[in-house]
Amino acid sequence: MKPTNISDPNYFHKVVDCQWACPAHTPVPEYIRLIAEKRYSDAYMINWHSNVFPGILGRTCDRPCEPACRRGRVEEEPVAICRLKRVAADYKSDITDRLPKIPEQKNGKHVALIGAGPASLTVARDLLPLGYEITIFEKDHLSGGAMRTQIPRFRLPIEVLDEELNYILEMGTINIFSNEIKSMNSLLRNKYDAIFVGTGAPLGKRLKLPGFEEAKDNVHIGVEWLANVAFEHIDSIGKRVIVLGGGNTAMDCCRTSKRLGGEQVTVTVRSGFDEMKASPWEIEDAMNEDIPIVNFHVPRRYILDEGKLVGMEFEKVRKEYDEKGKRLLVPTGEDPVVIPCDDVICAIGQENSFPWIERDLGIEFDQWELPILDKETFQSTREDVFFGGDSALGPDNIITAVAHGHEAALSIHLHCNGQNLQDRPGPLISLDSQKMGIHQWSYENDISNDLRYAVPHAEKEKTLNDLNLEVELGFDEKLALAETMRCLNCDIQTVFTDQLCIECDACVDICPTDCITFTGNAEESKLRENLLAPANNNDQDIYVSGTLPTDRIMTKNEDLCLHCGLCAERCPTNAWDMRKYLFNTAKAANA
C-alpha cells in the first residue's frame, strides 16, 4: 500500500465516527470538551454553526452519531451525545450578540423559500448574512414545520422551539405566513433569483379497510392529528385508542393519546419488535408510560356496532424468509385478534405531494412523485428551483433536513453569482498538536469503563396529566460533566512521522487495543489480515506509513484506536504526536 495521505480532509474525518455519521457533520468531541469546561455558550455556537437547532435537536434528534460512537466499542452504551447537546442549550448564556450580522446593504438577490421548516430556515440562516433578501411562504400561521406540528410539547417545549426559530426569523426574513402556495407558476412570475422548496412530506396515509367508510370520523391520520393537537384544534380522544404503526410518529401519537384521555392505548405493528422504525429510546419512553406494543398483528377490518367504531380485527403473522432472503409475513393460522377501540390513529407512513407544481415548468419528477435532483447540489431539473428536507428525498429527520439546507444554500449562492454548482469549496480543516510538555497534552482521555449516565425524568403521575410538561429533565451540570468524561476524543488524532521512528516497538507494547503493527508492506486485503488485530471493517481506512529503515511499515487499525495517546507518551523520539483535527463543512459564506 502507498503511505496514507493524511492531508485528505476525509481521512481523519472518517476516523471521527460520530461526526462522520452526523448528516450536518457537527464537531461532536470539540463541543463535548467545551461542556466539560463549562463553556456552554461556546459549545452551543459550535452546534449552531453546524446543526442550527441545538436545543431542538438535543431533545428530538434521531442520533445517527450515537451508534457510531467508539465508546460503544469499549462497553455497551455510547456517549449520550444528543443529551449533551441539550446541556449546551440549557446552560448557555445569551448568545444573540454572537449571531451573524446582517448587512444593511443587500446584494440585490431575492430568494423565496416555500415552507418554514428546518431545511428552509437553514437556507435562510446561511444566506441572510450574505445580503440576500429572503421571503418565506408558510401555510400555517407559525414557523417550524414538522418541528412544531409533529413533535409533542412534552418532548419539545414551545419556548425552546420558538427561541431557536426566532434566532433566524429575527435576522430579517420577510414572512408571509397563513399563505399556502397553490401554483409554482404564479410564484415564478415574481422573478425570484432562486426558489427553495422545503414543504416536507405532508401527506399521511389512512388505512382503508372494510368498515372504513362508516368508521372514518374516528380514523385519524397521525401527522394531521398531531398537528391539530399542536395548534389546539383537538384536546381529547376516546378512552380506547389503537395506534397503527411502529415509527416515531406512532410513539408520539400513542403518548399524546394517553395525555388527552386515552385510558387503554395500544400500538399495533405488522413487523417484529426488532424491525420497528421508531428510535429505541422513543419505544422505551412509550413502554415506560405503560403503553403495550403488539407485534406481528396485521389489521384486517374495522369492527362496527350500529354504525359506530368499536374495535379492529387483526390477523396474527410470523416472520419467514424466502429462498432469496426476502422477509415474508406469513399467517400463523390462529384465530383473529379483536382489540376494542373508540379511535384509530394511522401512523403508517408519509408521502410527498406536489399538486401545486405544474408539470410544464421544467421541474421533472420520478415515478414516486419525488423531484429529480442532483443529490449533491439539490438543484432540480429547472436551474433556479432547489429542494431540501423531506420534500427532496422523502421522509427523514430534522438533522438531515438541516444538512440539505446547508448544501442547497451553497448551491443557491453559486447559482445567483453565475458560478458552477459543481465547483464547491472544500471543508475548513485544521490539525494542531496538543503537546503541552514532553509527555503532557491539552486534553484528558479516560478510556476506563464508565457506564452511560441515565437522564432524569419528571414524575409519570404528573407528565401523563399535562400535555405540555416535559418528560426528560436533561442532565444537571454534575451529570453532564460525568457523561462528557466518557468521550474518547476521537478528533485527537495519532499522527506518525516515519523519519523520526527508530522501530523500538514501544508503541506496540503499550497500545491497549493492539491497533499498531510494524510489518512488511503488502496489498491492502493481505495487510489488513497481517495486523496484530486484523482490520475487518473495510469501511474504515488503515493508517500506513512510508517505508522505515528495516523495510517495514507502521500500520494502524483506525477502527480499534481509542485515541488514548499512550503511544505518543511512550515514544522516545516523538515519532507519534496527538493532534486535534477540526473539520467544518463549507457553507455559502465560504464560496
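Residues numbered from 1 in each chain as written. Predicted model: local features only at pLDDT ≥ 70, side-chain atom pairs only at ≥ 80, totals over all residues. Heavy atoms only, no water.

S.K.: Lay out the overall build of the chain with the relevant residues and their values.
M.R.: Helix and strand content of the chain: 23 helices and 22 strands. Relative to the globule expectation of 25 Å for 591 residues, the C-alpha radius of gyration of the chain, 27 Å, shows essentially globular dimensions. Counting over 591 residues, the chain shows a buried share of 55%. For the chain, the share of sequence-separated contacts (at least 6 apart) that also reach a separation of at least 24 residues comes to 72%. Taken as a whole, the chain presents about 25800 Å² of accessible surface, with 47% of it coming from carbon and sulfur. (Helix = DSSP H or I, 4+ residues; strand = E, 2+ residues; numbered from the N terminus. Rg over C-alpha atoms; globule rule 2.2 N^0.38 Å. Buried < 20%, exposed > 50% of the residue type's maximum accessible area, 1.4 Å probe, protein only. Contact = heavy atoms within 4.5 Å. Areas by Shrake-Rupley, 256 points an atom, 1.4 Å probe, with all protein chains shown as cover.)

S.K.: So what's going on with the packing of aromatic side chains? Which residues, and what values?
M.R.: A complete count under the given rule lists 11 aromatic pairs for this structure. Geometrically, the ring pair formed by Phe 12 and Tyr 543 is edge-to-face, given 6.5 Å between the ring centres and 85° between the ring planes. In this pair, Phe 12 is assigned in helix H1 (residues 9-15) and Tyr 543 in strand E20 (residues 542-544), connecting sequence segments 531 residues apart. Neither Phe 12 nor Tyr 543 differs from the other in exposure class; each is buried. (Phe/Tyr/Trp six-rings, centres within 6.5 Å; stacked < 30°, edge-to-face > 60°.)

S.K.: Give a description of the packing of helix H14 (residues 222-230) against helix H15 (residues 248-259) that names residues and reports values.
M.R.: In helix packing, the relevant descriptors are the interaxial angle and the interaxial distance, both defined with respect to the helix axes. Packing of H14 against H15 brings their axes to within 10 Å, and their N-to-C directions diverge by 45°. Compared by their axis directions, H14 and H15 come out oblique. The crossing of H14 and H15 is left-handed. Across the interface between the two elements, Gly 222, Val 223, Trp 225, Leu 226 and Val 229 of H14 pack against Thr 249, Asp 252, Cys 253, Thr 256 and Ser 257 of H15. (Axes fitted to C-alpha atoms, helices over the stretch in contact; angles between N-to-C directions. Parallel < 35°, antiparallel > 145°, perpendicular 65-115°, else oblique. Left-handed = near helix turned anticlockwise from the far one by under 90°.)

S.K.: An account of the pattern of salt bridges is requested, with residue identities and associated values reported.
M.R.: Per the counting criterion, the structure on display carries 47 salt bridges. Between Arg 155 and Asp 252 there is a salt bridge, and its shortest N-O distance comes to 2.8 Å. On the criterion of sequence distance, the pair formed by Arg 155 in the loop between helix H10 (146-149) and helix H11 (158-169) and Asp 252 in helix H15 is long-range, its members being 97 residues apart. As far as burial versus exposure is concerned, Arg 155 and Asp 252 are alike and both buried. Notably, a salt bridge pairs Arg 579 with Asp 577, separated by 3.1 Å at the nearest N-O pair. For Arg 579, a relative accessible area of 25% puts it in the partly exposed group. (Salt bridge = Lys/Arg side-chain N within 4 Å of Asp/Glu carboxyl O.)

S.K.: How would you sum up the nonpolar core? Please name residues and give values.
M.R.: Grouped burial of nonpolar side chains is what soluble globular proteins tend to show. Core analysis: the largest hydrophobic core is formed by 94 residues, its most contacted members being Phe 53 and Met 184. Per-element tally for this core: the top contributor is helix H18 (residues 398-416), with 10 residues. If sequence neighbours within four positions are ignored, Phe 53 has contacts with Gly 58, Pro 118, Leu 121, Thr 122, Met 147, Glu 164, Leu 165, Ile 168 and Val 402. The next biggest cluster of nonpolar side chains, apart from the first, holds 27 residues, and it includes Phe 12, Phe 496, Val 508 and Ala 568. (Core = buried A, V, L, I, M, F, W, Y, C linked by side-chain atoms within 4.5 Å.)

S.K.: So what about the sheet that holds strand E2 (residues 133-138)? Which residues, and what values?
M.R.: An order of E3-E2-E1-E4-E16 is seen for the five strands of this open sheet, with the pairing classed as parallel. Looking at the sheet topology across the chains shown, the edges are occupied by strand E3 (174-177) and strand E16 (385-387). Shown here is a sheet whose adjacent strand axes are inclined to one another by a mean of 20°, direction ignored. Relative to strand E4 (residues 194-197), strand E1 (residues 110-114) is paired through four bridges, and the arrangement is parallel. Note that in E4 the partner of Ile 114 across the bridge is Val 197. The strands touched by H18 are E1, E4 and E16; relative to E4, the strand with the most contacts, the crossing angle is about 165°. (Pairing = 2+ DSSP bridges.)

S.K.: Mind laying out the sheet that holds E20, listing which residues take part and the relevant values?
M.R.: Sheet architecture is open: three strands sit in the order E19-E21-E20, paired in antiparallel fashion. One side of each edge strand has no neighbouring strand; the edge strands of this open sheet are strand E19 (516-520) and E20. Direction aside, the axes of adjacent strands within the sheet are offset by 30° on average. Taken together, the three bridges between E20 and strand E21 (residues 552-557) define a ladder with antiparallel strand orientation. In the strand pairing of E21, Tyr 543 is matched with Lys 556.

S.K.: Give me the packing of H15 against helix H16 (residues 280-288): which residues, what numbers.
M.R.: Contact geometry of H15 with H16 gives a least axis separation of 10 Å together with a crossing angle of 20°. Judged by the inter-axis angle, H15 sits roughly parallel to H16. For the crossing formed where H15 meets H16, the hand is left-handed. On the side of H15, the interface is formed by Asn 248, Met 251, Asp 252, Cys 254 and Arg 255, while H16 contributes Glu 282, Ile 283, Asp 285 and Ala 286.

S.K.: I'd love a proper account of H18, names of residues and values included.
M.R.: For H18, which comprises 19 residues, the first-to-last C-alpha distance of 26 Å matches the rise-based estimate of 27 Å (1.5 Å per residue) to within 8%. The buried fraction of H18 amounts to 18 of the 19 residues, a majority that puts the element mostly inside the structure. Once H18 finishes, Gly 418 follows within two positions and takes phi at roughly 70°, a positive value. (Expected span 1.5 Å × (residues − 1).)

S.K.: Lay out the domain arrangement of the chain in plain terms, naming residues and giving numbers.
M.R.: Domains assigned within the chain are domain 1 (99-201 + 352-416) and domain 2 (204-349). Spacing between the C-alpha centres of domain 1 and domain 2 amounts to 32 Å. Facing 11 residues of domain 1, the contacting portion of domain 2 comprises 10 residues. By the criterion of area lost to domain 2, the three top residues of domain 1 are Gln 150, Phe 154 and Arg 155, representing 55% of everything that side buries. Inspection of the region where domain 1 meets domain 2 yields two salt bridges. Counting the contacts that link domain 1 with domain 2 gives three residue pairs in polar contact (both at pLDDT 80 or more). In terms of residue class, the side of domain 1 that touches domain 2 is made up of four nonpolar, three polar and four charged. (Domains from an automatic or database assignment. Buried area = accessible area lost by both parts, 1.4 Å probe. Polar contact = N/O pair within 3.5 Å; in protein donor to acceptor, adjacent residues only side chain to side chain. Nonpolar A, V, L, I, M, F, W, Y, C, P; charged D, E, K, R; others polar.)

S.K.: Go over the environment of Ile 221 with me, naming the residues and quoting the values.
M.R.: The residue Ile 221 is located in strand E6 (residues 219-221) in this model. When the C-alpha atoms of Ile 221 and Leu 244 are compared, they prove to be 9.9 Å apart, with 23 residues separating the residues in sequence. With residues near it in sequence (within four places) discarded, Ile 221 still touches Gly 204, Lys 205, Arg 206 and Cys 346.

S.K.: Kindly report on the state of the cysteines, identifying the contributing residues and their values.
M.R.: Applying the stated criterion to the full structure yields zero disulfides. The thiol of Cys 254 is not disulfide-bonded; the next cysteine sulfur, from Cys 253, is found 7.8 Å away. Here Cys 341 is not disulfide-linked; the sulfur of Cys 346 is the nearest cysteine sulfur, at 10 Å. (Disulfide = S-S within 2.5 Å.)

S.K.: Hey, could you go over helix H4 (residues 40-51) for me, with residue numbers and the actual values?
M.R.: Between its first and last C-alpha atoms H4 spans 16 Å; for 12 residues at 1.5 Å apiece the expected length is 16 Å, and the two agree. Of the residues making up H4, those classed as buried are Tyr 40, Ser 41, Ala 43, Tyr 44, Met 45, Ile 46, Asn 47, Trp 48, Ser 50 and Asn 51. Where H4 terminates, the next one or two residues include Val 52, which has phi positive at roughly 70°.

S.K.: Break down unusual backbone geometry for me, citing the residues and quoting the values.
M.R.: Within the chain, Lys 191 stands out as a residue other than glycine whose phi angle is a positive 60°. Tracing the sequence through the fold places Lys 191 in the loop between helix H12 (184-188) and E4. In this structure, Glu 369 is a non-glycine residue whose phi angle is positive, near 65°. By the element assignment, Glu 369 lies in the loop between strand E15 (350-351) and E16. A relative accessible area of 37% means that Glu 369 is categorised as partly exposed.

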